[in-house]
Amino acid sequence: MADLVLDPVVMTGQGWADYGLVDSGHGRKYERYGPYRFIRPEPQAMWRPRLEHWDAHGEFVPGSDEDGGGRWSFGSRVPEGWPLSWGEAKFTAQCTPFRHLGFFPDMVPVWDWMGERLDGRSDAATLNLFGYTGVGTQALSRFGPVTHVDASKKSVAQARANAELAGIADRPIRWIVDDAAKFAAREVRREKRYDGIILDPPKFGRGPEGEVWRLEEHLPRLLGDCGQLLDDQSRFLFLTVYAVRMSSLALIGLMDEIFRDLPGKLEHGDLAVREEGPDGRLLPTAIFARWSND
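Student: Can you explain the side chain of Glu-187? Please cite residues and give values.
Tutor: When you line up the elements, Glu-187 lands in helix α4 (residues 180-189). Contacts of Glu-187, omitting those with residues within four sequence positions, involve Arg-174, Lys-192, Tyr-194 and Leu-229.

Student: Residue-level account of the side chain of Gln-138, with values.
Tutor: Along the chain, the position of Gln-138 falls in helix α2 (residues 135-140). On the accessibility criterion, Gln-138 (3% relative accessible area) is buried. A distance of 3.4 Å separates a polar side-chain atom of Gln-138 from the backbone oxygen of Asn-162. Residues within four places of Gln-138 in sequence aside, it is in contact with Glu-88, Ala-89, Lys-90, Asn-162, Ala-163, Ala-166, Ile-168 and Arg-171.

Student: Just give me the short version of the nonpolar core, but keep the residues and values in it.
Tutor: Within the largest apolar cluster, 50 residues are counted, with the highest numbers of intra-cluster contacts made by Trp-82 and Leu-271. Per-element accounting of this core gives the leading share, six residues, to helix α1 (residues 108-118). Among all residues touching Trp-82, those that are not within four sequence positions of it are Tyr-33, Pro-35, Tyr-36, Phe-38, Phe-91, Thr-92, Ala-93, Gln-94, Cys-95 and Leu-101. Ranked by size, the runner-up nonpolar core spans 35 residues in total, among them Leu-129, Val-188, Ile-287 and Ala-289.

Student: Go over the environment of Gly-136, please, and point to the residues and values.
Tutor: Relative to the helices and strands, Gly-136 resides in helix α2. Given a relative accessible area of 8%, Gly-136 falls into the buried group. On a C-alpha basis, the gap between Gly-136 and Met-107 in space is 8.1 Å, while along the polypeptide they are 29 residues apart. Ignoring anything within four residues of it in the chain, the contact list for Gly-136 reads Trp-111 and Asn-128.

Student: Account for the pattern of salt bridges, with residues named and values stated.
Tutor: Applying the stated criterion across every chain yields a total of 20 salt bridges. Note that Glu-267 is salt-bridged to Arg-290, the shortest N-O span being 2.8 Å. With Glu-267 in strand β17 (residues 265-274) and Arg-290 in strand β18 (residues 282-292), this residue pair connects regions lying 23 residues apart in the sequence. For the pair shown, Glu-267 and Arg-290 are each scored as buried. The shortest N-O distance in the salt bridge between Arg-281 and Glu-275 comes to 3.2 Å. The class for Glu-275 is buried, based on a relative accessible area of 4%.

Each value, and the rule that gives it
- Residues numbered from 1 in each chain as written.
- Predicted model: local features only at pLDDT ≥ 70, side-chain atom pairs only at ≥ 80, totals over all residues.
- Heavy atoms only, no water.
- Helix = DSSP H or I, 4+ residues; strand = E, 2+ residues; numbered from the N terminus.
- Contact = heavy atoms within 4.5 Å.
- Buried < 20%, exposed > 50% of the residue type's maximum accessible area, 1.4 Å probe, protein only.
- Polar contact = N/O pair within 3.5 Å; in protein donor to acceptor, adjacent residues only side chain to side chain.
- Core = buried A, V, L, I, M, F, W, Y, C linked by side-chain atoms within 4.5 Å.
- Salt bridge = Lys/Arg side-chain N within 4 Å of Asp/Glu carboxyl O.

Below, the structure written as structure tokens:
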């Protein structure tokens, strides 16, 4: 029976050569992505900025709704895409219509944590659901075969291009355009198993055939299927959730119900990014729940 840890954990990302959180405040954040600097909305940055002026190449101006609409405004020329790296992972950053820049830098401590669970392995089979542009898939591919699933054909194509950029196109990665929930259910029927699963479901989304995803409605069944794809020899499951009015306690309560019969440990908490500078203020970005079996 998995031990449930109720005290929350904060997983903190630090800047590196190609990324840094320069400053934040007044509902915005100021970041560097390689040679370019951008301003994006961040409702949780309720404090005052530390810097008097933010000299950015571009800013994402949000729309009037809460569904992520808006547009980019550029003060100087920014290319359509430019290469970045994290460790051996390489990928293309770009200003997307959804305010993101092609990857989620707050996931770095998650990728490190997964690597610690799989350290020394070269045959670990892992599953990346809602895999987006595949930086997490690159991180997992160091330890064995990866199945990368995303409903967006464009995102999967970008993930494959990123793998080619990183020089790992020959690694055993399955690139699948599919509805994540349907894929997981089929894997259960096929009696598949994985050593680790990472999933980053959106609040709302649509599959390649118009399937509708609503987090609160569909997450319990998806997590239940994921639980059936793991066994007492598996090492982890990591769930992140962004942009919802929900506590990580709700996530871990659901996982406690599903993972009750497995050994290991259940934990929950926040992802955060540490600002650059002497004070190192923490900016929360998402909530998570995780199961590990060390």
